[in-house]
Structure formats: C-alpha cells, structure tokens
Amino acid sequence: MKPQLDAKLAALVDRQLKSLPELAAPLTLAPRVMAAIAARTAVSPARGWQTWSLALRVASFACLAAIFLGLCFGGWHVTQSSAVTNATQEVHGLLALLKTLTSVLEAVLGALVLVVKQLGPIWLSLIAAVVLAGWISCLGLGTAFARLAWSRR
Amino acid sequence: MSDAQKFEALVLNYQNMVFSTAMRLVANQAEAEDISQEVFLRAHSHWSEIADSPTVGGWLRTVATNLSLNHLSRYRSRWTFFSELFTGGGEDEEREIEFEASTDVEAEVTSADHRKLVEQALQTLPPAQRVPLVLYHMEDLQYDEIAARLGVSMGKVKTDIHRGREALRRKLEKTLRAEAA
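### Focus on the overall build of chain B
Counting its secondary structure elements, chain B contains ten helices and zero strands. When the helices and strands of chain B are listed from N to C terminus, the series reads α-α-α-α-α-α-α-α-α-α. When the 181 residues of chain B are sorted by exposure, 33% land in the buried category. If you take every contact in chain B between residues at least 6 apart in sequence, the share linking residues at least 24 apart comes to 71%.

This is how it looks when you write it as structure tokens:
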C-alpha cells in the first residue's frame, strides 16, 4: 500500500470531478415538465373533489343538493299513495306467515331435543356410529365410482 | 409574475443541475430525463413550501440524488454481483495502486475538451464504481452516508471508490494516449 499515492490520486480525481461543468439538459425537458404539470392540474373527475376549482365545487355541490332534495320529496310523495299502503299490508301478511313458520320449527326442534334427552348415551353413540359409517361408505363408494368412471375413459 | 411563470423560471434555472445530478448517477440520458421530470413534478407538489426558499437548489439536488438512487436500487443486486465477480469480491480488500504516469493526466486534462473526456470516462465506469465515486466526490457524502444510502458495508464503499478512481485514471490515460498517437 502506498498511502501518499492513494491520497494523491484521490485529490486528483476530486479536482477533476469537481471541475466538471453542469451537463446541458435536453431541450425537451422543460416543455415535458410543463406539459406534465398542465395535465396534472387540468380538472379531471378522477381527481379529488378538493382539488377541483371553486366554481366547479359549488356547481357540483348544488347539483348533489338538488338531487338529494328531489329524492326526499319523491320518497315522501310515494309514501302518501294508496299503492304503497296496500304493499305495506302485503308485507305485514308475509311477516305474519314467517312468524307462524318459525314457531312451528321451534316446536319441532324442542321435541327433537326432548327425544335426544330421553334416548341416553348408549343410543346416542349408536346413532352417531351409524351416521358416521353411512358417511364413510358414501365417501368410499363415491370415490370408487369416480375412479371407475375415469378409468373407463 | 404568476405562479406558473415562476415555476417555469425555476425549471429553466435548475434543469441543468438536476439533469447533471441524475445523469452522473444513472449514466443514461432517457432515464436521467425521466428522473429530472419527476424531480420537478415533486417540486411542483411542494411549491408552496419551496417557492421562496433560498435552499431550493439544495432541495432539488437532494431529490434528484434520492430518485436516482431509488432508480438504481432496482439493478443494484446485479451490479454488486458483477463488481464482486470481476474484482475478487473481498469486502475489505485493499490493493496497492500501481501508478504508471498518473500525475501527467492532471496536467493534460484542463481544457473543455478534456473535461468532456472526464465526463465520458465517468459515464463508462461500471455503476458499482461510478455511483459511490460520484456520491463521494461530487455530492460530498461521507463513506458512512454512502454505505447507508447504498445498503452496503463501508469497506465495500471504500474499495469501490478506490477502484473507481483507478479505473478513471486508466481510462483517461488510455484516451489521451490514443488522441496523442
């Protein structure tokens, strides 16, 4: 290692590089930048509402307010008509039917729970074993049939 | 003067500096131009903060350096690999420099033409040498700062700068000899 030569070279390179003038930017750079900024600042609905010009913001707000008021008035007007009253009564009828069905289901489920409680652990285990065996045999048979079907193709 | 005019004046005043910073780091005109455009777009986004700042030049230079390094980081694994492949790969390796006629270069490299030669020689250095060399000598970053920015060890930064200087000297000697012949 020759530290004095190393330092000399470092100083030489430092002087040479620092003395380099700035490179000239391409003539297209400034117009490109200004065009990109113009495109960016141009109003686009895809940009945030806060970035729109004040006039556009006021106009868009007025439009939205008018649509909202129209919907409110329309909604209120519709609820006053007889057709809506009839439709409401039909819905009430359907809901009553659903309520009846729910109470029937509740009774059936209650009876089932009572039966299960009466059976005891031995019968319950037996039933569970039968269900499990049935499920396994369905699975096995299904697999066997599928393999048979694929092997024949 | 409107804001748009003021901004255009800023672009015209600083475009060479921003472009040079990017160009010396990425060594590719199209990429340097894209980076420069992005620098000015960011400046436009921060216009309210930098419009009247006296350090706007430094701000632009820092952003240009950061964006260029971000751009280069996509290829860093590739050039780090090649750098180590061709030079032995030791992180803290130090090598003796063999000077042939090193100091003669300085005497000759003075005119505008020779500055152009230095610029060209710099551009042809491999990125692994050029980037730390530019950051150290032109952006005035310290070894530890360069290591942190590039995500490599300080030993590697020192070695790459060392190799870059020598490669630059050799390239210049070769070019000058060829011109003289």
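### Description of the nonpolar core
Across soluble globular proteins, nonpolar side chains show a tendency to be buried alongside one another. Residues and elements named next belong to chain B. Grouped together as the largest cluster of nonpolar side chains are 40 residues, with contacts concentrated most on V18, F19, A22, V26, I35, V39 and A64. Element by element, the count of residues in this core is highest for helix α1 (residues 3–26), at nine residues. For this core, the two domains that each supply at least three residues are domain 1 (3–73) and domain 2 (76–180). If we skip the residues at most four places from it in the chain, V39 touches V18, L60, V63, A64 and L67.

### Quick notes on the packing of helix α2 (residues 29–45) of chain B against helix α4 (residues 56–73) of chain B
When two helices pack together, you describe them by how their axes are tilted relative to each other and by the distance separating the axes. All names here are of chain B. Across the interface, α2 lies against α4 with an axial gap of 9 Å and an inter-helix angle of 130°. Judged on the interaxial angle alone, α4 and α2 are oblique. By crossing handedness, the relation of α2 to α4 is classed as right-handed. Residues E31, I35, S36, E38, V39, R42 and A43 of α2 touch α4, and the partners they reach there are L60, V63, A64, L67, S68 and H71. The residue inventory of the contact of α2 with α4, partitioned by class, reads seven nonpolar, three polar and three charged.

### A few points about the interface of chain A and chain B
Facing the 27 residues of chain A at the interface are 30 residues of chain B. Breaking the side of chain A that touches chain B down by element, the ones donating at least two residues are α1 (3–18) and α2 (29–41) of chain A. Per element, the largest residue contribution to the side of chain A that touches chain B is ten residues, and it comes from α1 of chain A. The residue makeup of the side of chain A that touches chain B, split by class, is 19 nonpolar, two polar and six charged.

### Things to note about the confidence of the model for chain B
Residue and element names in this part refer to chain B. Averaged over all residues, the pLDDT of chain B equals 81, while 77% of them reach at least 70. Contacts from residues 85–102, a stretch scored under 50 in pLDDT, to residues over four places away or in other chains number 20 contacts. Interface confidence for the predicted complex, expressed as ipTM, amounts to 0.73; the pTM equals 0.59.

### Examining α1 of chain B
Considering bend angle alone, the principal kink of α1 of chain B is centred on Y14 of chain B and spans about 55°. Count one or two residues on from α1 of chain B and you reach A27 of chain B, which has phi positive near 55°.

### Re unusual backbone geometry
Residue and element names in this part refer to chain B. With a phi angle near 55°, A27 is a residue other than glycine that sits in the positive phi range. Residue class for A27 comes out buried when judged on the 20 C-beta atoms lying within 10 Å of it. Positive phi outside glycine occurs at D140, with the angle close to 55°. Examined against the element boundaries, D140 turns out to sit in the loop between α8 (127–137) and α9 (143–150).

How each quantity is defined
Residues numbered from 1 in each chain as written. Chains lettered and ligands numbered in written order. Predicted model: local features only at pLDDT ≥ 70, side-chain atom pairs only at ≥ 80, totals over all residues. Helix = DSSP H or I, 4+ residues; strand = E, 2+ residues; numbered from the N terminus. Buried ≥ 20, exposed ≤ 12 C-beta atoms within 10 Å, placed from the backbone. Contact = placed C-beta atoms within 7 Å. Core = buried A, V, L, I, M, F, W, Y, C linked by C-beta atoms within 7 Å. Domains from an automatic or database assignment. Axes fitted to C-alpha atoms, helices over the stretch in contact; angles between N-to-C directions. Parallel < 35°, antiparallel > 145°, perpendicular 65-115°, else oblique. Left-handed = near helix turned anticlockwise from the far one by under 90°. Nonpolar A, V, L, I, M, F, W, Y, C, P; charged D, E, K, R; others polar. pLDDT = per-residue confidence, 0-100. Bend = angle between axes of the 7 residues up to and from the residue.

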